[in-house]
Amino acid sequence: MAASDPVADMLAKVQNAAKAGHEKVDVPTSKMKLEIVKILKTEGYIKNFKKVQDDDGHSIIRIFMKYDSANEPVIHGMKKISTPGRRVYSGYKDLPRVYNGYGTLIVSTSTGVTTGKKASEKMVGGELICTVW
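Note that the coordinates shown come from a computational prediction; the quantities given were computed from them, not determined experimentally.

All right, on to helix H1 (residues 6–20) then. Over its 15 residues, H1 extends 21 Å from the first C-alpha to the last, a length consistent with the 21 Å expected when each residue adds 1.5 Å. Turning to H1, its buried residues are Val7, Met10, Leu11, Val14, Gln15, Ala17 and Ala18. Viewed end-on, H1 has its buried residues packed into an arc of 160°, placing them on one side of the element. Exposed residues lying more than 90 degrees from the buried face of H1 are Lys19 and Ala20. Turning to H1, the residues buried within the fold contact strand S1 (24–28), helix H2 (31–42), strand S3 (59–65), strand S4 (78–80) and strand S8 (126–132).

Okay, structure coming up:
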């Protein structure tokens, strides 16, 4: 059995919700996921999010999906780069570009989870988590 990858599960849920035209999607909370969701909001891929308690008292992140005027999802795709079995790291000079700058790279650096652009500006590399476009 493959090692569980909660971040990949979250990306799949968000992507599926966008394709299905859902208004919102709930994912279990973790620090890493919360940071990724904050970046998705800052970069304009989602409308909003909030932390809520579900019926069992577990904390979940409720993500509100964003669509354009033609009701097409703003998120066209998400791809996990690092997996539990294969971590991918990059120095700030070698950070890949996503769709020629139209996409967003999410990187976990020593200064926290940030976008590829900001990591380059701060001159920090780190683990490549995922790309969003």
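Let us keep going from here.
Another aspect to go through is the packing of aromatic side chains. The full count for this structure, using the stated rule, is one aromatic pair. Relative to Trp133, the ring of Tyr99 lies with its centre 5.1 Å away and its plane at 35°, an arrangement referred to as tilted. Taken together, the positions of Tyr99 in the loop between strand S5 (89–90) and strand S6 (104–109) and Trp133 in the segment after S8 put the pair 34 residues apart, joining distant regions of the chain. Residue class for Tyr99 comes out exposed when judged on its relative accessible area of 51%.

About the criteria used
- Residue numbers restart at each chain and count upward from 1, following the sequence in its written direction.
- At least 70 in pLDDT is required for a residue's local features to be given in this predicted model, at least 80 for side-chain atom pairs to be given and counted, and no such filter applies to totals for whole chains, interfaces and linings, which use all residues.
- In computing side-chain properties, one takes all heavy atoms of the structure into account and sets aside hydrogens as well as water.
- Strands are runs of DSSP state E lasting at least two residues, helices are runs of H or I lasting at least four, and both sets are numbered from the N terminus onward.
- Multiplying 1.5 Å by the helix residue count minus one yields the expected span of that helix.
- With a 1.4 Å probe rolled over the protein chains alone, any residue whose accessible area is under 20% of its type maximum counts as buried; one over 50% counts as exposed, and the rest are partly exposed.
- Directions drawn from the helix axis to the C-beta atoms are what define this arc.
- Whether two residues touch is decided by their heavy atoms; if any such pair falls within 4.5 Å, the residues are in contact.
- Two rings belonging to Phe, Tyr or Trp (six-membered ring only in the last case) form a pair when the distance between their centres is within 6.5 Å. Interplanar angles under 30 degrees mark stacking, angles over 60 mark edge-to-face geometry, and anything in between is tilted.

By themselves, these figures tell us nothing about what the structure is for.
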